[in-house]
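# A closer look at the structure
If you want the building blocks of each chain, they are given just below.
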Amino acid sequence: MMRYGLWKYLLILIVLGFGIVYSLPNLYAPDPAVQVSYTSSSQSADQFLADEIRNILKDKNLNALIELEADYVLVRTNTYQNQLKIKDILSSNLVNDVVIALNLAPTTPNWLEDIGANPMKLGLDLRGGVHFLMQVDTETAIKNRQDGTLQDLRIRFREEKIRYTQALVEDDSSIYLKFNSDEATEKAEDFIKDNYSQFNLPLMNGDQVLILSLSETEIEQIESDAIDQNLTTLRNRVNELGVSEPIVQRQGKKRIVVQLPGIQDTAEAKNILGKTATLEFHLEAQMDTPRSRKTSYPYRNGLGAPAFLQDSVILGGDQVATAQASFDENGLPQVNITLDGEGGSKMHRATRGNIGKRLGVLFVEQKTRTVYQRDLEGQQTPVQESYEVKEIISLATIRAALGTTFRITGLDSPSESSELALLLRAGALAAPMTFVEERTVGPSLGADNIQAGVFSMQLGLFLVLGFILFYYRIFGIAASLALTFNIVLLVAIMSILSATLTLPGIAGIVLTVGMAVDANVLIFSRIREELKNGRDPLDAIDAGYNRAFLTIWDANVTTLIVAVILLSYGTGPVKGFAITLSIGIVTSMFTAIMGTRAFVNLIYGSKKNLERISI
Amino acid sequence: MTFNIDFLAWRKIALIFSSLFLVVSIASLFLKELNYGLDFTGGTLVELSYPEAANISEIRATLIQGSFEGAQVANFGSSKEILIKLPGTVSDSLGSEIVSLLSSANLNQEIDLRRIEYVGPQIGSELRDDGGTAMLIALAFMMLYIAFRFQSMFAGAAVIALIHDVIIVVGIFSLIQIEFDLTVLAALLAVIGYSLNDTIVVSDRIRENLRSMDSDSTEEIINTSLNQTLGRTLITSLTTLLVLFSLYFLGGELIKNFALALIFGVIVGTYSSIYIAANALVMMGLNKDHLRVEEPENSDDSLLP
């Protein structure tokens with residue numbers, strides 16, 4: 001007699017039940033859907049919007065299921081062609097300010113959703129979409145910070161009556177100050193030491209010169225602030241794009257990953273994400289403004305001669321609280337701007353004393369270009385560098401002191417005004433970004449990839465099951481059940497962790513199928529050996545399981561080590577593969593050892609004087 | 001399955017065979033190098049699907065007219081599918097420009113954009129470095145674990161076998177110039193896992209027999225162990241190869257090279273756990289004394305099922 005504790009059977013049953021329930025949602029194919037929400041985040045979708053959509057679609061004879069969710073209206077359809085058609089029809093017929101996005105709506109039954117069972121997420125390679133990897137140019141953030149500090153210093157020096165002969169930012173990172181007396185130099189040095197803590201000491205550098213370079217910790221702080229702000233800004237912008245289930249994540253030290261499932265128009269997405277456009281407000285330079293304090297800028301629309309603006313910035317786009325695109329009395333595009341409190345008072349102070357003079361609005365945009373540099377081996381290598389374009393969009397006479405709200409005109413087109421409004425609303429990027437990687441997968445390729453993945457998994461499983469059934473008979477049944485059980489568990493765990501399934505992930509599952517059999521092969525070979533050594537069947541089974549266990553353990557732990565290293569070092573396809581591989585190894589240990597043991601015991605365990613087993 | 005093969009009699013031949021293969025692989029890696037895919041070289045890749053068989057030379061001509069000189073155009077999987085590659089390319093919007101150019105040249109045909117990939121110049125070399133680092137770390141951890149669970153000679157033998165496998169698989173990729181991309185790198189790491197799995201099973205049996213068998217001849221013990229585990233080794237390799245072939249033939253173009261790397265890896269890994277790892281143990285002079293100090297195996301009873 002061979003006993004196997006009741007609790008072990010119970011455990012296996014519970015795990016099996018749990019696996020089946022939580023992997024179940026994956027059997028329900030999602031509906032292609034269109035998701036509509038109001039642009040303004042304060043307004044949530046309502047019955048009115050749902051009815052409007054229903055009427056538009058009824059006019060066009062399109063069949064769709066319209067559901068009102070908390071934040072949006074979901075329009076479910078049955079084919080991908082209809083999905084695109086509905087999106088086009090809605091975007092040209094809906095009058096309100098709405099964001100329309102493609103989505104894949106799950107069809108999981110309510111009772112499953114209620115217990116938290118949801119399908120696995122599909123990676124971009126399986127559902128289509130765009131993946132961007134952006135590198136944050138933190139050097140620009142550092143330069144901007146030093147520019148700001150220099151401007152601040154000029155004002156403070158004037159207040160403190162410290163006379164200097166030269167003040168500029170050199171090498172994009174340190175401030176160079178030149179004085180014409182030792183006394184002034186010392187006074188400035190003391191003043192800076194008392195009021196600024198971010199610089200490397202000593203400040204003194206040669207005769208009557210102070211160099212203010214940022215300390216290591218300060219640079220790190222600026223860099224991480226820049227990346228955090230860029231992340232926030234990107235999330236805001238992605239929300240404005242109306243993508244369902246977007247991913248915006250930091251990757252490594254200076255990079256940000258953005259994944260937008262369902263998006264096909266990469267040009268628009270890139271335009272919005274990568275734009276560093278923002279505004280700067282400057283006073284027009286006067287005749288007596290020294291040359292070193294003013295710069296000439298061209299007009300953005302190309303009309304009119306370039307004009308000189310003062311270098312000091314009244315305020316920048318980061319102090320814009322809200323911005324809305326609209327039209328002025330003459331039907332020309334404009335942007336209505338509301339500043340935050342601090343911005344409002346800065347604007348008021350600057351314009352109060354300058355009535356009659358002109359206020360310039362600068363459109364500032366960071367762009368990137370590729371230049372070729374000769375590397376050490378004399379080969380031309382492409383290097384991306386960013387540069388700044390500053391153009392005047394309006395230069396208007398100040399008639400009265402401005403407050404927190406005003407409007408900007410002089411924009412070329414309604415699309416430009418709405419884009420500028422969006423960028424001002426979503427916030428500026430603290431540092432420009434370059435796209436270092438971009439992957440777009442069309443929906444048809446995604447569907448083909450799923451089909452190929454599923455098909456190869458079915459065939460692989462079929463072949464392996466066929467072989468072990470033929471080779472191991474009754475024990476083969478145990479191993480086959482365990483293998484199937486393993487896939488169910490693997491899928492259930494992936495679903496619970498809401499891990500993303502990718503094509504390499506499917507390959508990982510398929511590979512797990514092939515390798516998970518190994519544990520059973522080890523056990524069964526051992527049992528055969530023990531039988532050959534003359535043990536009676538029950539003893540042989542017992543010895544087989546016990547002796548093979550440590551081997552299985554060692555073999556799996558080492559493979560798991562590889563999988564975990566892949567998981568931590570890999571990106572993209574490598575990661576997807578590593579996830580399924582690691583989960584598969586863990587679940588296979590359970591199913592191949594405990595699962596088959598329970599089955600074998602159920603069949604043979606109660607028999608006394610067992611003479612033959614079918615292995 | 002019972003075997004009684006004198007594996008170690010083939011030892012010298014196997015050694016010559018492996019050395020030859022290693023030399024050819026390394027020479028090929030130096031002379032022909034690897035055919036790195038987009039992930040590692042950087043550049044732009046566009047995959048398009050035409051409703052009917054696409055005319056490659058026409059597409060090439062259109063691209064050259066549109067001043068995309070360096071474009072390589074080739075079929076991908078089928079005659080309707082087209083893969084356009086622009087190596088070392090300069091702009092991240094190139095992909096969409098190509099699509100609009102080709103669509104305007106083919107007004108009567110609906111071109112389906114399957115995918116666009118752009119990888120910047122700095123990413124490629126980083127991915128290569130990361131891949132190399134990951135592989136070295138994996139090897140180091142393997143060595144540590146085996147040294148801890150078995151004994152340092154086993155660790156040495158296993159790592160020699162792993163390096164042997166990786167060099168030969170990469171060598172094959174270099175020899176027949178199959179594209180080496182990120183998924184192939186992942187496959188290579190999986191090969192490490194698989195080959196190690198095999199080596200551990202064999203080593204485990206050698207350790208057990210060193211303790212239990214009466215014979216004093218290490219070679220005889222190793223030979224017996226190899227024969228005892230051969231059945232299992234072959235069956236597991238067979239089931240793994242079954243799924244890999246189904247991935248290779250049905251998994252789609254993107255998975256093909258991944259499956260291929262693993263197919264080579266499984267074959268080489270199976271061979272190496274028999275001939276390289278076991279051989280290395282013999283050559284390092286493993287004998288019963290090396291295991292005497294270790295604690296008895298049943299200290300791990302708590303782990304039993």
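Residues numbered from 1 in each chain as written. Chains lettered and ligands numbered in written order. Predicted model: local features only at pLDDT ≥ 70, side-chain atom pairs only at ≥ 80, totals over all residues. Heavy atoms only, no water.

## A closer look at the overall build of chain B
Operational definition: Secondary structure elements are taken from DSSP: a helix is a run of H or I of four residues or more, a strand is a run of E of two residues or more, and numbering for both begins at the N terminus. The globule rule is 2.2 Å times the number of residues to the power 0.38, and the radius of gyration it is compared with is taken over C-alpha atoms. For the exposure calls, accessible area comes from a 1.4 Å probe over protein chains only, and a residue counts as buried if that area is under 20% of its type's maximum, exposed if over 50%, partly exposed in between. Contact definition: two residues touch when any of their heavy atoms are within 4.5 Å. Under the convention used here, a 1.4 Å probe and the Shrake-Rupley method define accessible areas, while residue burial counts only the protein chains that appear.
Within chain B one finds ten helices and six strands. Its C-alpha atoms give chain B a radius of gyration of 25 Å, clearly above 19 Å, the size a compact globule of 305 residues would have. Structurally, chain B occupies a C-alpha span of about 80 × 45 × 40 Å along its principal axes. Considering chain B as a whole, with its 305 residues, one finds that 55% of them fall into the buried category. Considering only residue pairs separated by 6 or more positions, chain B has 79% of its internal contacts joining residues 24 or more positions apart. For chain B, the exposed surface amounts to about 12,800 Å²; the carbon and sulfur share of it is 60%.

## Focus: the confidence of the model for chain B
Residues and elements named next belong to chain B. Rules: A score between 0 and 100, pLDDT records how confident the predictor is in each residue.
Taken as a whole, chain B shows an average pLDDT of 84; of its residues, 91% reach a score of 70 or greater. Taken together, the stretch residues 295-304 has pLDDT below 50 and engages in nine contacts with residues farther than four places along the chain or on a different chain. Here the predicted complex carries an ipTM of 0.85, next to a pTM of 0.80.

## Overview of the nonpolar core
Here is the rule: In this text, buried Ala, Val, Leu, Ile, Met, Phe, Trp, Tyr and Cys residues form a nonpolar core when linked through side-chain atoms within 4.5 Å.
Counting residues in hydrophobic clusters, the biggest one holds 146 residues, and the most contacted among them are Tyr472, Phe475, Phe524, Ile527 and Ile541 of chain A together with Phe173 of chain B. The dominant element in this core, judged by the number of residues it contributes, is helix H7 (residues 182-212) of chain B, at 17 residues. When sequence neighbours within four positions are dropped, the list of residues in contact with phenylalanine 475 of chain A reads Phe524, Ile527, Ile541, Val600, Tyr604, Ile613, Ser614 and Ile615 of chain A. Judged by nonpolar contacts, the second largest core, of 70 residues, contains Met134, Ile142, Leu150 and Ala430 of chain A.

## Points about helix H6 (residues 138-160) of chain A
Residue and element names in this part refer to chain A. Threshold: One less than the number of residues in a helix, times 1.5 Å, gives the span that helix is expected to have.
Counted at 1.5 Å a residue, the expected span for H6 with its 23 residues is 33 Å, and the 33 Å between its end C-alpha atoms agrees. Residues Thr138, Thr140, Ala141, Ile142, Gln146, Thr149, Leu150, Leu153 and Phe157 constitute the buried set of H6. Downstream of H6 by one or two residues, lysine 161 has phi in the positive range, about 60°.

## Observations concerning the interface of chain B and chain A
Counted only if it meets this: Two parts lose some accessible area (1.4 Å probe) when they are put together, and adding that loss for both gives the buried area. For salt bridges, the criterion is a side-chain nitrogen of Lys or Arg within 4 Å of an Asp or Glu carboxyl oxygen.
Listed per partner, the contact involves 72 residues of chain B and 69 residues of chain A. Both sides of the chain B and chain A interface together cover about 6,400 Å² of buried area, and 65% of this is carbon and sulfur. Our enumeration of links across chain B and chain A arrives at nine salt bridges. With a closest N to O distance of 2.6 Å, arginine 439 of chain A and glutamate 117 of chain B form a salt bridge.

## A look at the sheet that holds strand S20 (residues 405-408) of chain A
Residue and element names in this part refer to chain A. Note the cut-off: Only strands that DSSP links by at least two bridges are regarded as paired with each other. Angles shown run from 0 to 180 degrees and are taken between the N-to-C directions of axes, each axis being a line fitted to C-alpha atoms and, for helices, limited to the stretch in contact.
Sheet architecture is open: three strands sit in the order S16-S17-S20, paired in antiparallel fashion. Only two strands of the sheet have a single partner each, and these edge strands are strand S16 (320-327) and S20. Going from strand to strand, the sheet's axes swing by 25° on average, the running direction of each strand aside.

## Things to note about the packing of aromatic side chains
The condition is simple: Within 6.5 Å between ring centres, the rings of Phe, Tyr and Trp (the latter by its six-membered ring) count as paired, and their orientation is classed by plane angle as stacked under 30 degrees, edge-to-face over 60, tilted in between. In this analysis the charged atom, NZ for Lys or CZ for Arg, is taken to sit over a ring once it is within 6 Å of the ring centre and within 35 degrees of the ring normal.
Per the counting criterion, the structure on display carries 27 aromatic pairs over all chains. Aromatic side chains phenylalanine 475 of chain A and tyrosine 604 of chain A sit 5.9 Å apart centroid to centroid with 20° between the ring planes, which places their arrangement in the stacked category. Pair noted here: phenylalanine 475 of chain A is in helix H12 (residues 443-496) and tyrosine 604 of chain A is in helix H15 (residues 573-604), with a separation of 129 residues, a long-range link. Here a set of aromatic residues connected by ring pairs shows up, and it is made of Phe467, Tyr471, Tyr472, Phe475, Phe524 and Tyr604 of chain A. Stacked on the ring of phenylalanine 150 of chain B, the Lys or Arg arginine 207 of chain B has its end atom at 4.2 Å from the ring centre.

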